[in-house]
Protein chains: 4
Amino acid sequence: MPPFVHRVKPVWRDMDALQHVNNAVYLTYLENAREAWWRELAGPYDIFPFTLARVEIDYRSSATWRDELDVRLAIARIGNTSFDLAYRLVAGDRLVAEARTVLVMMDEGQKNPVRIDEATRAKMKRFEGQP
Amino acid sequence: MPPFVHRVKPVWRDMDALQHVNNAVYLTYLENAREAWWRELAGPYDIFPFTLARVEIDYRSSATWRDELDVRLAIARIGNTSFDLAYRLVAGDRLVAEARTVLVMMDEGQKNPVRIDEATRAKMKRFEGQP
Amino acid sequence: MPPFVHRVKPVWRDMDALQHVNNAVYLTYLENAREAWWRELAGPYDIFPFTLARVEIDYRSSATWRDELDVRLAIARIGNTSFDLAYRLVAGDRLVAEARTVLVMMDEGQKNPVRIDEATRAKMKRFEGQP
Amino acid sequence: MPPFVHRVKPVWRDMDALQHVNNAVYLTYLENAREAWWRELAGPYDIFPFTLARVEIDYRSSATWRDELDVRLAIARIGNTSFDLAYRLVAGDRLVAEARTVLVMMDEGQKNPVRIDEATRAKMKRFEGQP
């Protein structure tokens, strides 16, 4: 069992002229999963408290609007001000993509990095594991 | 000559699985043209001072990423707090879409409609005509 | 009870810099609802059998990624080769938008309009009413 | 001088509720630059002859619809069936993002990888260097 799973339903607009989900749309699916995960971890909020510094994504197979995708997510690293999430996107048994993101915790004005506090760190640890 | 023309270059991501520009994307092309027009009329700004109340759009022919589109724009009505813009999107001689939008001038907090002032009204009149 | 309801969950990427759902995104919500409705009516399919000829949309109140939207849909007109759908988008009790689309039934190559056959016409009638 | 430069103009819809260009949109900017580059290299075409296998992107600073971005692009590796492109996105002197993509040359049906032929390989070499 991955630590966290978010179901995504691709729609017609997500596909491009090759009739599969466009590469850029997967970054939105990752963002949607992060949002659901952070709400689970921290409760309701209006604006992401962290900013995206880096994405790596490997496209393993294509998907269409007929698929339902599970975005599996796990904490892969907890640093001082930043943390990594690892993702596996699957359509049933089929691996669609693997990804990793570096996220930086920010102050309220979204201007400067801040240290991840101990309470948040403890909550994050609950999501360690394999995505 | 239409009162204002904004050139738009469709890209791969704008197309959907039928290999033509997706219907929703045209509203973004209209928005891009409004932005360029308002900058021409009012000078640099950060946030649109008006809000969109209504769109009507008729799709006349399809377009692809191989096309270049001219969004022709004209003021069609100047009311008390709102105004209408009319648009014709063309790819060369071919008519791609016709549209009309109702826009409402808003106060700075984007909360309440405000009367269109005389100076703005005078500038808008320069763009009256056929799109 | 509206004849058909499709639930849509706005996400972060659907919002623009005014922190509400961007106007163009609503056309994608309408498209998503049409897809779910047509699947309900006609069963599984790969490509929409109809093309969009016209959209009218009135924006009544704004929505954010915190909302869940119900797209209520009804058949408003059944013509020879075309039909109209009417929509109401609501967030709970709040009206967010009203829309109407003209759709044209197409042959398999998406080149020419075709007459809506009697079986389809009969199925469409089940969705007549107020959205 | 980078081997190839493609100018991109962010628009209002590219921004998200933090009032800067959304992370997923940068993958579309990379795609736009690849398209312009491939047209320069190979002449007009309808469908990309290669598929995207991997993206790495580092976000260095944020951009808004007030910016113009140059996507600088260079060939970073030419393999048997795949090749790498390196990118630097700049707004004037400011570095906005750095990226690298792995692309796989495909047969006409977009089903199987094919060897990059010598003529294409020779053309690609013209774009080697620093992005």
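These notes cover the structure that comes with them. (Residues numbered from 1 in each chain as written. Chains lettered and ligands numbered in written order. Predicted model: local features only at pLDDT ≥ 70, side-chain atom pairs only at ≥ 80, totals over all residues. Heavy atoms only, no water.)

Before going further, it helps to examine the packing of helix H1 (residues 25-42) of chain D against helix H2 (residues 118-125) of chain D. Residue and element names in this part refer to chain D. Viewed as axis vectors pointing N to C, H1 and H2 meet at an angle of 120°, and their least axial separation amounts to 10 Å. Here H1 runs over H2; the crossing is right-handed. Each of Trp 37, Trp 38 and Leu 41 in H1 lies in contact with H2, whose residues at this interface are Thr 120, Lys 123 and Met 124. Looking at the contact of H1 with H2, its residues break down into four nonpolar, one polar and one charged. (Axes fitted to C-alpha atoms, helices over the stretch in contact; angles between N-to-C directions. Helix = DSSP H or I, 4+ residues; strand = E, 2+ residues; numbered from the N terminus. Left-handed = near helix turned anticlockwise from the far one by under 90°. Contact = heavy atoms within 4.5 Å. Nonpolar A, V, L, I, M, F, W, Y, C, P; charged D, E, K, R; others polar.)

The next thing to look at is the environment of C:Ala63. Residues and elements named next belong to chain C. Tracing the backbone shows Ala 63 in the loop between strand S2 (50-59) and strand S3 (69-78). Since its relative accessible area comes to 0%, Ala 63 is described here as buried. The sequence separation of Ala 63 and Asp 107 amounts to 44 residues, and the corresponding C-alpha distance is 37 Å. The residues contacting Ala 63, other than those within four sequence positions of it, are His 20, Val 21, Tyr 26, Leu 69 and Val 96. (Buried < 20%, exposed > 50% of the residue type's maximum accessible area, 1.4 Å probe, protein only.)

Looking now at the relation of the copies chain A and chain D. Superposing chain A onto chain D takes a rotation of 180° plus a shift of 0.0 Å along the axis, which leaves an RMSD of 0.0 Å. Read as a symmetry element, the transformation amounts to a two-fold axis. When each C-alpha of chain A is compared by its distance to the rotation axis, A:Glu56 comes out closest, at 2.2 Å. Interface overlap between copies is the fraction of interface residues in one copy that are interface residues in the other; for chain A against chain D it reaches 100%, indicating a shared surface. (Least-squares fit on C-alpha atoms with pLDDT ≥ 70 in both.)

Here the focus is the sheet that holds strand S5 (residues 94-105) of chain C. Neighbouring strands of a sheet are bound in pairs by backbone hydrogen bonds; such pairs are parallel or else antiparallel. Read from one edge to the other, the open sheet built from 10 strands follows the order S1(B)-S3(B)-S4(B)-S5(B)-S2(B)-S2(C)-S5(C)-S4(C)-S3(C)-S1(C), with strand pairing classed as antiparallel. Looking at the sheet topology across the chains shown, the edges are occupied by strand S1 (4-8) of chain B together with strand S1 (4-8) of chain C. Going from strand to strand, the sheet's axes swing by 25° on average, the running direction of each strand aside. Alignment of S1(C) against S3(C), held across five bridges, turns out to be antiparallel. Bridge pairing in S3(C) places C:Val5 opposite C:Arg72. Its contacts with the sheet put helix H1 (residues 25-42) of chain B on S1, strand S2 (50-59), strand S3 (69-78), strand S4 (82-91) and strand S5 (94-105) of chain B together with S2 of chain C, and the angle it makes with S3(B) is roughly 65°. Contacts from helix H2 (residues 118-125) of chain B reach S3, S4 and S5 of chain B, with the element oriented near 130° to S3(B). (Pairing = 2+ DSSP bridges.)

Backbone geometry places C:Gln110, a non-glycine residue, at a positive phi of 60°. Mapping C:Gln110 onto the fold places it in the loop between S5 and helix H2 (118-125). Even without glycine at this site, D:Gln19 takes up a positive phi of about 65°. The residue D:Gln19 is located in the loop between strand S1 (4-8) and H1 in this model. Accessibility expressed as a relative area gives 40% for D:Gln19, which makes it partly exposed.

A word on the side chain of A:Asp58. Within the secondary structure, A:Asp58 is located in strand S2 (residues 50-59). Owing to a relative accessible area of 16%, A:Asp58 belongs among the buried residues under this scheme. Within the local environment of A:Asp58, its side chain forms a polar contact with the side chain of D:Arg54, the two groups lying 2.7 Å apart. The contact partners of A:Asp58, leaving out residues within four places of it in the chain, are A:Val96, A:Ala97, A:Glu98, D:Ala53 and D:Arg54. (Polar contact = N/O pair within 3.5 Å; in protein donor to acceptor, adjacent residues only side chain to side chain.)

The final tally for this structure, using the stated rule, is 56 aromatic pairs over all chains. Measuring from ring centre to ring centre gives 5.9 Å for A:Trp37 and A:Phe127, while their planes differ by 85°; the resulting arrangement is edge-to-face. Remark: A:Phe127 occurs in the segment after helix H2 (118-125) and A:Trp37 occurs in helix H1 (residues 25-42); sequence separation between them is 90 residues. Residue A:Trp37 is classed as buried on the basis of its relative accessible area, which comes to 0%. Judged by relative accessible area, which is 3%, A:Phe127 ranks as buried. When the centroid spacing of 5.5 Å and the interplanar angle of 45° are considered together, the rings of D:Phe48 and D:Phe50 count as tilted. Looking at D:Phe48, the relative accessible area reads 6%, which means it is buried. (Phe/Tyr/Trp six-rings, centres within 6.5 Å; stacked < 30°, edge-to-face > 60°.)

The antiparallel open sheet is built from 10 strands, whose spatial order is S1(A)-S3(A)-S4(A)-S5(A)-S2(A)-S2(D)-S5(D)-S4(D)-S3(D)-S1(D). Two strands close off the open sheet at either side, each with one partner strand: strand S1 (4-8) of chain A together with S1 of chain D. The sheet shows a mean angle of 25° between the axes of neighbouring strands, taken without regard to direction. Summarising the sheet, strand S2 (residues 50-59) of chain D and strand S5 (residues 94-105) of chain D pair through nine bridges and their orientation is antiparallel. In the sheet register, D:Thr51 faces S5(D), and the bridge partner there is D:Val104. Packed onto the sheet, H2(A) meets strand S3 (69-78), strand S4 (82-91) and strand S5 (94-105) of chain A and runs at close to 130° relative to S3(A). Of the strands in this sheet, strand S3 (69-78), strand S4 (82-91) and S5 of chain D are in contact with H2(D), which crosses S3(D) at around 130°.

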